[in-house]
Structure formats: structure tokens, C-alpha cells
Amino acid sequence: MEESRGETPGGISESAARAARDLRVVVGRVRRRAKEVSGNDELTPSQTSVVSRLARAGAASASGLAAAEGVRPQSMAAILAALDERGLIRRRPDPDDGRRQLVSLSEAGRELHQGGRQAREEWLTRSLQDLYTESERRTINEALALLERLTNP
């Protein structure tokens, strides 16, 4: 079968390959910039992920967090120890299983998460307002609607 013009050897169009590459690069840059703005630079990506998960879930066991994050229980123990040392989590006995503890965000952890989230949202909103015209923002919104398909397998 002859390779058609504008396609890679795997049958993927050059435009799809370029879009995938460029999207990864741009998303990575936006994430790094948002992290800088949020003030959560002191947390590792794994710690940030656990703080975000606890903010959504409320409370979880260490083993549940390890499974959800796709890490070994020993790795989760180290992540939780670092968060505990900074006063960002609290632990309490599981009312349904006394052998287990539930982990949740402390007030400081909630404040860190909310403050970072608010700072990221304000930065992104202001940037979209200042850097793009109304027409460009409509185009961005249309592109985001198309990209949403990536999240729905």
C-alpha cells in the first residue's frame, strides 16, 4: 500500500502528529506556568496530586490513595509523611476499620490548595483577557470543545 502524501509511515497524518506534539508542549508549558503562579513550588508533583485528590475526596486511606495514584504503598507512605511534616494533612482512625487510618487535608492543606487554585484561575483568566481578542477567545473555546473528545474514550 502506497503511503499517501502528508502521512507518516504509520498512516497518521502529518497534521495529527504535529498537533499532538504541539499540544503536549503547550499543555506542559501552561501547567508549569500555572504551578509557578500558584506558589506550590515547594511540593513535588506527587504531593500536589495527593493534595488535589484529597481536596476532591475529603478523606481516603493510604492504600486507597496509593491505588488511585498508581504508586506502591511505600511510595504513598513517603508522600504522606512529607505532607504530614508540613502540616498539610491529618490522620484519624477509620470508624469502619480500626486497623486503618483515614487521611484528609488539614486547614493548612485546604488553604494551600484553595490559594493555589485561585491564583492559577486568576492568572489564566487575566492572561486570556489580556493576550487575546474576543474573536480569538471564541476560537479557543471552539478548540477546547473539540479537544474535550480526547477525554471521552
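Before reading on, note that the structure itself is shown above.
Conventions used here
Residues numbered from 1 in each chain as written. Predicted model: local features only at pLDDT ≥ 70, side-chain atom pairs only at ≥ 80, totals over all residues. Heavy atoms only, no water. Helix = DSSP H or I, 4+ residues; strand = E, 2+ residues; numbered from the N terminus. Buried < 20%, exposed > 50% of the residue type's maximum accessible area, 1.4 Å probe, protein only. Contact = heavy atoms within 4.5 Å. Core = buried A, V, L, I, M, F, W, Y, C linked by side-chain atoms within 4.5 Å. Salt bridge = Lys/Arg side-chain N within 4 Å of Asp/Glu carboxyl O.

**Brief notes about the environment of V51**
So, step 1. Residue placement: V51 occurs in helix 2 (residues 45-57).
So, step 2. Under the relative-accessibility criterion, V51 is labelled buried at 3%.
So, step 3. Residues V51 and R110 lie 59 residues apart in sequence; the distance between their C-alpha atoms is 8.3 Å.
So, step 4. With residues up to four places along the chain from it excluded, the contact list for V51 reads L43, L83, L105, G109 and H113.

**Some points on the nonpolar core**
So, step 1. Grouped together as the largest cluster of nonpolar side chains are 15 residues, with contacts concentrated most on V50, L54, L65, M76, L80, L83 and I89.
So, step 2. Mapped onto this core, the elements with two or more residues apiece are helix 2, helix 3 (62-69), helix 4 (73-85) and strand 3 (97-105).
So, step 3. If one sorts the elements of this core by residue count, helix 4 sits on top with 4 residues.
So, step 4. Not counting residues up to four positions away in its chain, the partners in contact with M76 are V50, A62, L65, A66, E69 and V71.

**As for the pattern of salt bridges**
So, step 1. One pass over the structure, following the stated rule, counts 10 salt bridges.
So, step 2. Residues D97 and R99 are paired through a salt bridge, measuring 3.0 Å at the closest nitrogen-oxygen approach.
So, step 3. Taking the shortest distance from any N to any O, the salt bridge between R138 and E134 comes out at 3.9 Å. Taken together, the positions of R138 and E134, both in helix 6 (residues 134-147) and 4 residues apart, correspond to about one turn of that helix.
So, step 4. For R138, a relative accessible area of 45% puts it in the partly exposed group.
So, step 5. Each of E134, R137 and R138 takes part in salt bridges that share partners, so that together they form one network.

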